[in-house]
Amino acid sequence: MFDFTTMFKLTRREFLKLGLASLGALLLRPSSGQAATLSGQCARIATTSVSVYREPSDKSEILFQLLRDEVVNIYEEIVSPDGPDYNPRWYRVWGGYIHTAHVQKVEYRLNPALASLPDVGLIGEITVPMSQSMRYRRRLGWEKLYRLHYQSVHWVVGIDTGPDGDIWYQIRDKLTKLEYFIPAAHLRPIPPDELTPLSVDVPAREKHIAVSIERQTLHAYEGDKVVLETSISSGMPNSRLLKPGDIPTETPKGEFYIQSKTPSRHMGDGTLTADPEAYELPGVPWVCFFEPETGVAFHGTYWHDNFGSVMSHGCVNMPTHLAKWLYRWTTPVINPEEWYKMSLGTRVVVS
């Protein structure tokens, strides 16, 4: 068995100081073989733009806009008496207040590079707000591809030298069949002990999941005991009549079973683009598929923080740390070295 504890290696240079003003400065390297973290609460803008208000109310004056992937300091989190009712949480940031629906809390945590990989590769999570992936083409050289975001999960299959001369990881994308690269400092390899199955002493038949579309909640049960309760975001109703071949965007109701699991899934059209506005979500984490016809699944979510409201294209969006818990708790059991597991698993009731 591959020894995970022997893989760490010092990077070649001390890491540069990271300023919040520029995500171009994210090519940083930790020193002394230790992970490096910049302290403080930060938030990444996870949509095209977010308004900064004078007060924590959408009825107050809009002062300016923050654009996608800008990162701001959070000075305070506020539950506003002015709502909105579906999500009254706001952040106080420089210059005013932003609503939390379309932002993601993030960290800047840099990681030492690995000296080697297991033969099957390994999975890791992005630990900086955004990492710009690059691919190498023989005639064109290095070019930008997808932006990989905080808490997204990816398969690492190689170690190489990147365009800056430092250590980069090679990522394999199962949807596009491509391999591209990111700085090794931006990704934390996930050790196997973080993925050990949960509640293994509970018979699989006693576990089940109940999702309420009306209340936008999920409950996980062991027998009659609730072991997880969380707000979720289910699929938005179609705004137009479906044509033949269209996939419904509402989360289907009924009784299902988890059919397959994967720690990472590229969701989108598979378009090869560096456009951050394209509908491409590489590295969607901790995916448990339960509806085989249209591929509806439970999964972690790094592109909004608006749980309790419908937001998705059909899947059940969850906070990423809870999606990881559900991934470990449900059956079928998937081993850390497996990229995909298919088997009839935990019962799911959507009502």
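In what follows, the structure referred to is the one given above.
First, a word on what this report is: a plain description of the structure on this page. (Residues numbered from 1 in each chain as written. Predicted model: local features only at pLDDT ≥ 70, side-chain atom pairs only at ≥ 80, totals over all residues. Heavy atoms only, no water.)

Quick word on the pattern of salt bridges
- One pass over the full model with this rule turns up 18 salt bridges.
- Linking Glu 143 and Arg 137 is a salt bridge whose minimum nitrogen-to-oxygen distance equals 3.2 Å.
- Under the relative-accessibility criterion, Arg 137 is labelled partly exposed at 36%.
- A single salt-bridge network, built from bridges that share partners, covers Glu 107, Arg 109, Glu 125, Arg 188, Glu 194 and Lys 324. (Salt bridge = Lys/Arg side-chain N within 4 Å of Asp/Glu carboxyl O. Buried < 20%, exposed > 50% of the residue type's maximum accessible area, 1.4 Å probe, protein only.)

A word on the nonpolar core
- Counting 29 residues, the largest nonpolar core has Ile 209, Leu 218, Phe 290, Phe 298, Met 318 and Leu 326 as its most contacted members.
- Those elements giving two or more residues to this core turn out to be strand 12 (153–161), strand 16 (207–212), strand 17 (217–222), strand 21 (280–291), strand 22 (296–300), strand 23 (316–318), helix 1 (320–329) and strand 25 (347–350).
- A per-element tally of this core places helix 1 first, with 5 residues.
- With sequence-adjacent residues up to four places away left out, Met 318 is seen in contact with Leu 218, Leu 228, Thr 230, Ile 232, Phe 298, His 299, Gly 300, Thr 301, Phe 307, Ala 323 and Leu 326.
- Judged by nonpolar contacts, the second largest core, of 19 residues, contains Val 156, Tyr 169, Ile 171 and Ile 182. (Core = buried A, V, L, I, M, F, W, Y, C linked by side-chain atoms within 4.5 Å. Helix = DSSP H or I, 4+ residues; strand = E, 2+ residues; numbered from the N terminus. Contact = heavy atoms within 4.5 Å.)

A short note on the pairing of strand 7 (residues 96–99)
- The pairing of strand 6 (residues 89–93) with strand 7 spans 4 bridges and is classified as antiparallel. Bridging across to strand 7, Tyr 91 finds its partner in Ile 98.
- Remark: 2 residues form the turn of the hairpin made by strand 6 and strand 7, two consecutive strands paired antiparallel; Gly 95 in that turn has positive phi of roughly 95°. (Pairing = 2+ DSSP bridges.)

Some words on the environment of Val 296
- Assignment of secondary structure puts Val 296 in strand 22.
- Once residues within four sequence positions are removed from consideration, Val 296 is found in contact with Thr 251, Pro 252, Cys 288, Phe 289, Phe 290, Glu 291, Gly 314 and Cys 315.

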